[in-house]
Amino acid sequence: MLTILFDGIAYGMLLFVLAAGLAVTLGLMNFVNLAHGAFAMAGGYATVVLMNRFGVPFLACLPLAFLFSAALGLLFERTLYVRMYERSHLDQVLFSIGLVFMAIAATDYLMGSSQQNIHLPAYLQGRITIGGVGIGIYRLFLVVVCGLMALGLQWILAKTRFGSQLRAAVDDRRVARGLGIPVVKVFAITFAFGSGLAGLGGALGAEIVGLDPTFPLKFMLYFLIVVTVGGTSSLTGPFLAALLLGVADVMGKYLVPQLGAFIIYAMMLAVLMIRPQGLFARGR
Amino acid sequence: MTSRFAFTRRAAIALGGALMLAGGPALAQETVKIGLILPMTGPFASTGRQIEAAAKLYIAEKGATVAGKKVELIVKDDTGTPDVTRRIAQELLVNDKVSFLAGFGLTPLAFAVAPLATQSKTPMIVMAAATSSITEQSPFIVRTSFTLPQVTIGIADWAAKNGVKKAMTLVSDYGPGIDAEKAFKDRLTAAGGEVTGEVRIPLRNPDFAPFLQRVSDAKPDALFVFVPSGVGSQFMKQFVERGLDKSGVRLIATGDVTDDDIVDSMGDVALGTITTHHYSANHNSPENKAFVAAFTKAANVRPNFMAVGGWDGMHLIYEALKKTNGATDGTALVEAMKGMSWTSPRGPISIDAKTRDIVQNVYVRKIEKVDGQLYNVEFSTFEAVPDPVKAGK
Amino acid sequence: MLQSNPAPQQDAKPVLGPAAFLKAKAAWRWPEFLFWISAFALILLLPNRHLLLNEIAILGLFALSLDLILGYAGIVSLGHAAFFGVGAYAAGLLTKYGVTEPVSGLVLSGVAAGFAGFLASFMILRGTDLTRLMVTLGVALIFHEIANRLDWLTGGADGLLGVAPGPILGRFDFDFAGTTAYVYSLTVTFLLFLAARRIVHSPFGLSVKALKDNRLRAATIGIAPNRRLIAIYTLGAVYAGMAGALLTQTTQFVSLEVLDFARSADALLVLVIGGSGYLYGGLIGAIAFKLMKDTLSAMTPAYWIFWMGFILVILVLIGRDRRMAGLARPFAPLLRLLGARRP
């Protein structure tokens, strides 16, 4: 039972890393970036290529995946996304879906349409037993990495100068610019950072949820669910929501597998019925 | 429905034979068109790619002319959506005047087109979809892939013989999965075994942890698995991660799980897994060696069971045309196909004259390392297995 | 997404009385005649592509149903396929179990979908656009799962077999080239379009639009928001259900894909391409979308999706006028004649 609880937490943490970047772009920058999964996929594929073709160790791949996706994000932000900030949400949806289509076809062309696998180093494989509870080492690793990351993100956002600049820029671009905050730069960095997070999530998640060219579409729903349920006004919201959904999903499927597929959707609906702004949203 | 109109029309085409087909002027060498409808994009794209590559390879190797006719392949993407498949098939029949419909990556895609095959009396070669009842939907359907019960009963027999008393099943929650679950359970129970638990996994499911935990709690002798081919590698990894391999639960599956396309990239966690299927790229025969070499060269991936279905489908079309001397009357072609037998890369196969379904060897395989790569190595054979569902009727 | 400053509807013209104003707005313009005449002319002009045209008509009707709720009531939906699917399955089951006449099947399917839409409409009354997107999406996903679960009824993932509709009104058989199918779908789409056109230009339609523009203001002048939203959402569901029923009847098969997320997303894409809020957007978008898809996938079956995405991106980046939810700028005057909002 505790094992399953732990699995749920690990799964939730993974959902959070994958969705954190979206929480930043959608929640903070108010940009509906459905192409978020494409950046996650880029990170995943970067890891696969680095590990399988160039023999780079897994742990070294993680920061590289982050950098790769961040660079990709920066490139796209400067060339394309920057033109889209002021557009309507529907335009943004159309635009980012277009990007998703392109990413899927391009990945398929470059890497083939079948599943890709990464091979974890031996020290991350297997299981340990702590106090009678069996725990997968890789899942433990996930929980630690993601937990640290969540703390780090919260710290950057709440305590650093950059964080306050970002919050100011989001609340009112014009005033922020008037105060001498380099809004364009802040947004670009934030976007790149969000994409980098997605890439890291893709690299970490490939082992558990798999990686193929349809990844951005397959997981788009999960990202969106986490962010909406969590509420878009903070990062703690999506974090707690991801944990809650992860645990509920895994526990639910364990206890009543017949209802397996319904649980996460039903939970989302229930939450949104009661709290339309998301579970952990402050009143705006 | 439309049958009367369609009937007279197709009959006219058949009577007038090739003259009408080419629309008049082309005289010396007429063209036989084959409409190949496959999922080329979306989650089942790899199925489409494998079949397309195999079909093209067949034409490249055997020449584009058979019985004095030129063969033309028209490849269409149906995105895995039945209404699109049907529309494409209908357009191919009406506008391109194809003599064969082929492909069909998934069961509903084949179901949607079956009435068209009947109405237009066009042979419909199912190269991938594996639900048993497909061939019953139209007298013009001939299958060169396999049926799930056909490859599932082998593993149940093997399990019963190798001391598996209590087994659990874990299948994807959709048609083929439920087919496999039932076939396995029936066969194992008949052999004196027992299925102690059945777990069904939603198709859209990123994490196997909760389901595997149930298996881990129950500790059966063996776990029988069917998941669509792409998901197999995640499943395998998580099975090992949960320590189930060490706790004495034997993993047995149909070959979909250890698809040749991905088996090598699964890594050592997959070693020793026992599966039954009708094709392995490692099958030891001169036909297969030549096929694998040519396919790998042309498509840059290892052929899997989808590819061999496409290859044999093309072979069936070629041989049928030879038998009819190039005539494209649908009824005659299907008659020609019935009872045909040949040696495929997968081994000896034949088309059951009564059911129009494939009869083939099913092999028991174990994943081993061959020349540094993982393969499904065959070690035992059930010979000439028909589809058990239709054979039992 | 909600524009806080709605564009003025009319230039400074002599002030009309309410009845005359409504009449002027509802008057037919010549491009509209042209549009429908060409649509019907295609029956004779393009005999080879009736099957594709049939698909376009159905997608057009489906997008039109989304336009009713998005373009007029401002409800964004990523799960409109839920009602398309209910209609499709209802039509399939009706045909299979007795009601083989298509028109009566169509009407009953519309009713079934409308009922589902009515029940679901209570969930979309609150919240932001994002909440609504996710709620509608959630409803569609749950419907998809239910249809998969009820395999004894729906055939599950294998699809529903044995759907063999009889002749339309007892007279017209579906033929192999798809001519009957196209004529049938086009006629139904046209009739439903006429009804929709009347509705959006009626006082009820205007009041719904007022809600979209500014809910608070509308409420203060005595428009009850919830009842109108429920009504328009139900209507949208009826339309979507009928589109689904058309698909079932003309393809004689139903499968889970009718409830797929991709179908909802397609409808939204179609509507964004064609522009929302003037009823023709869905139809024009459906034509553009299907032709694009058909041409591209004929050229490169495996990678057409890349070019599709490329066109979408380009369309957004350069082609779309920022304020007018319409097609490319050169067509703007034409679209305005069709009744699009002024830029």
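The structure displayed is predicted, hence computed values, not measured ones.

Thresholds applied
- Residues numbered from 1 in each chain as written.
- Chains lettered and ligands numbered in written order.
- Predicted model: local features only at pLDDT ≥ 70, side-chain atom pairs only at ≥ 80, totals over all residues.
- Helix = DSSP H or I, 4+ residues; strand = E, 2+ residues; numbered from the N terminus.
- Rg over C-alpha atoms; globule rule 2.2 N^0.38 Å.
- Buried ≥ 20, exposed ≤ 12 C-beta atoms within 10 Å, placed from the backbone.
- Contact = placed C-beta atoms within 7 Å.
- UniProt positions renumbered as here; feature names shortened; annotations may be inferred.
- Nonpolar A, V, L, I, M, F, W, Y, C, P; charged D, E, K, R; others polar.
- Expected span 1.5 Å × (residues − 1).
- Axes fitted to C-alpha atoms, helices over the stretch in contact; angles between N-to-C directions.
- Parallel < 35°, antiparallel > 145°, perpendicular 65-115°, else oblique.
- Left-handed = near helix turned anticlockwise from the far one by under 90°.
- Pairing = 2+ DSSP bridges.
- Core = buried A, V, L, I, M, F, W, Y, C linked by C-beta atoms within 7 Å.
- Right-handed = clockwise from strand over helix to strand, strands pointing away.

(A) Summary view of the overall build of chain A. What chain A contains, in helices and strands, is 11 helices and two strands. Counted from the first residue to the last, chain A has its helices and strands arranged as α-α-α-α-β-β-α-α-α-α-α-α-α. In terms of C-alpha radius of gyration, chain A reaches 19 Å, essentially the compact-globule figure of 19 Å for 284 residues. Each of the three principal axes of chain A carries a C-alpha extent, and together these read 60 × 50 × 35 Å. The buried share of chain A, reckoned over its 284 residues, is 57%.

(B) Seen up close, the overall build of chain C. Along chain C, the regular secondary structure elements total 15 helices and zero strands. Pairs at least 24 apart in sequence give 75% of the contacts found in chain C among residues at least 6 apart.

(C) Seen up close, the environment of C:Ser109. Looking at the secondary structure, you find C:Ser109 in helix 5 (residues 102–121). Dropping the residues within four chain positions of it, C:Ser109 is found in contact with C:Gly87, C:Ala90, C:Ala91, C:Leu94, C:Gly241, C:Met242, C:Gly244 and C:Ala245.

(D) Broad picture of the UniProt feature "transmembrane region" (unreviewed entry) in chain C. The residues that UniProt annotates with the feature "transmembrane region" (unreviewed entry) are residues 28–46, 58–91, 103–125, 181–200, 230–247, 268–289 and 301–319 of chain C. Split by type, residues 268–289 of chain C is 77% helix and 0% strand. Its first and last C-alpha atoms lie 11 Å apart.

(E) Seen up close, the interface of chain A and chain C. Taken together, the contact between chain A and chain C spans 31 residues of the former and 27 residues of the latter. When contributions to the side of chain A that touches chain C are tallied by element, the ones reaching two or more residues are helix 4 (89–111), helix 9 (215–230) and helix 11 (262–274) of chain A. With 15 residues, helix 4 of chain A is the single largest residue contributor to the side of chain A that touches chain C. In the side of chain A that touches chain C, the residues fall into 23 nonpolar, six polar and two charged.

(F) Geometry of the interface of chain B and chain C. On the side of chain C, 28 residues touch chain B, which itself brings 28 residues to the contact. If you list the elements that add at least two residues to the side of chain B that touches chain C, you get helix 1 (3–16), strand 3 (69–77), helix 4 (82–96) and helix 5 (107–120) of chain B. For the side of chain B that touches chain C, the element with the highest residue contribution is helix 4 of chain B, accounting for eight residues.

(G) Seen up close, the environment of C:Val254. Residues and elements named next belong to chain C. Among the secondary structure elements, valine 254 is positioned in the loop between helix 11 (225–251) and helix 12 (261–274). Sequence-wise, valine 254 and phenylalanine 289 are 35 residues apart; in three dimensions their C-alpha atoms are separated by 23 Å. Contact partners of valine 254, with chain neighbours within four places excluded, come to Ala88, Tyr89, Gly92, Gly159, Leu160, Val163 and Thr248.

(H) Fine view of helix 2 (residues 36–54) of chain A. Residues and elements named next belong to chain A. Taking 1.5 Å of rise per residue, the 19 residues of helix 2 would be expected to cover 27 Å, and the 27 Å separating its terminal C-alpha atoms lies within 8% of that figure. Within helix 2, 15 of the 19 residues are buried, leaving the element largely enclosed by the surrounding structure. Positive backbone phi, approximately 65 degrees, marks glycine 55, located one or two places after helix 2.

(I) Inspection of the packing of helix 3 (residues 45–62) of chain B against helix 11 (residues 286–299) of chain B at higher detail. Residue and element names in this part refer to chain B. Between helix 3 and helix 11, the least distance of the axes is 10 Å, while the angle of their chain directions is 110 degrees. As judged from the angle between their axes, helix 3 and helix 11 are roughly perpendicular. The hand of the helix 3/helix 11 crossing is right-handed. Where helix 3 approaches helix 11, its residues Ala53, Ala54, Leu57 and Glu61 are matched on the opposing element by Ala294, Phe295, Ala298 and Ala299. Of the residues belonging to the contact of helix 3 with helix 11, the class tally is seven nonpolar, no polar and one charged.

(J) Local environment of the sheet that holds strand 2 (residues 65–66) of chain B. All names here are of chain B. Taken in spatial order, the six strands make up an open sheet running 2-3-1-4-5-6, and their pairing is mixed. Two strands bound the open sheet, and with one partner strand each, they are strand 2 and strand 6 (141–143). Strand direction decides the pairing type here: strand 5 (residues 124–126) and strand 6, joined by three bridges, are parallel. Each residue of the ladder has a partner; that of isoleucine 125, found in strand 6, is valine 142.

(K) Region of interest: helix 12 (residues 305–323) of chain B. All names here are of chain B. With 19 residues, helix 12 ought to run about 27 Å at 1.5 Å a step, and its terminal C-alpha atoms sit 27 Å apart, in line with that. In terms of residue burial, helix 12 counts as a mostly covered element, since 14 of its 19 residues are buried. Positive phi appears at asparagine 325, one or two residues downstream of helix 12, with a value of about 55 degrees.

(L) Geometry of the UniProt feature "transmembrane region" (unreviewed entry) in chain A. Residues and elements named next belong to chain A. Taken from the UniProt record, the annotation "transmembrane region" (unreviewed entry) applies to residues 12–34, 54–76, 88–110, 130–158, 179–200, 220–247 and 254–274. The straight-line gap between the two end C-alpha atoms of residues 130–158 is 35 Å; of that span, 76% is helix and 17% is strand. Helix makes up 71% of residues 254–274 and strand 0%. Its end C-alpha atoms lie 26 Å apart.

(M) Spatial organisation of the nonpolar core. Ranked by internal contacts, the top residues of the largest apolar core, which has 331 residues, are A:Leu14, A:Phe16, A:Ala19, A:Val226 and B:Val113. A total of 18 residues in this core trace back to one element, the largest contributor, which is helix 1 (residues 2–28) of chain A. Contact partners of A:Val226, with chain neighbours within four places excluded, come to A:Leu15, A:Phe16, A:Ala19, A:Pro238, A:Ala241, A:Ala242 and A:Leu245.

(N) Looking closely at the packing of helix 9 (residues 203–213) of chain C against helix 11 of chain C. Residue and element names in this part refer to chain C. Contact geometry for helix 9 and helix 11: axes closest at 10 Å, N-to-C directions at 110 degrees. As far as their axial angle goes, helix 11 and helix 9 are roughly perpendicular. The interaxial crossing formed by helix 9 with helix 11 has left-handed handedness. Listed contacts from helix 11 to Ser207, Val208 and Leu211 of helix 9 are Pro225, Arg228, Leu229 and Ile232.

(O) Geometry of the pairing of strand 11 (residues 274–277) of chain B. Residues and elements named next belong to chain B. Burial along strand 11 is two-sided: Ile274 and Thr276 facing one way and Thr275 and His277 facing the other are all buried. Across three bridges, strand 10 (residues 250–254) lies against strand 11 in parallel orientation. Bridge pairing in strand 11 places threonine 254 opposite threonine 276. Assessed by its sense of winding, the connection that carries the chain from strand 10 through helix 10 (residues 260–266) to strand 11 is right-handed. Pairing geometry for strand 11 and strand 14 (residues 358–370), over four bridges, is antiparallel. Across the sheet, the residue bridging to isoleucine 274 is lysine 366, located in strand 14.

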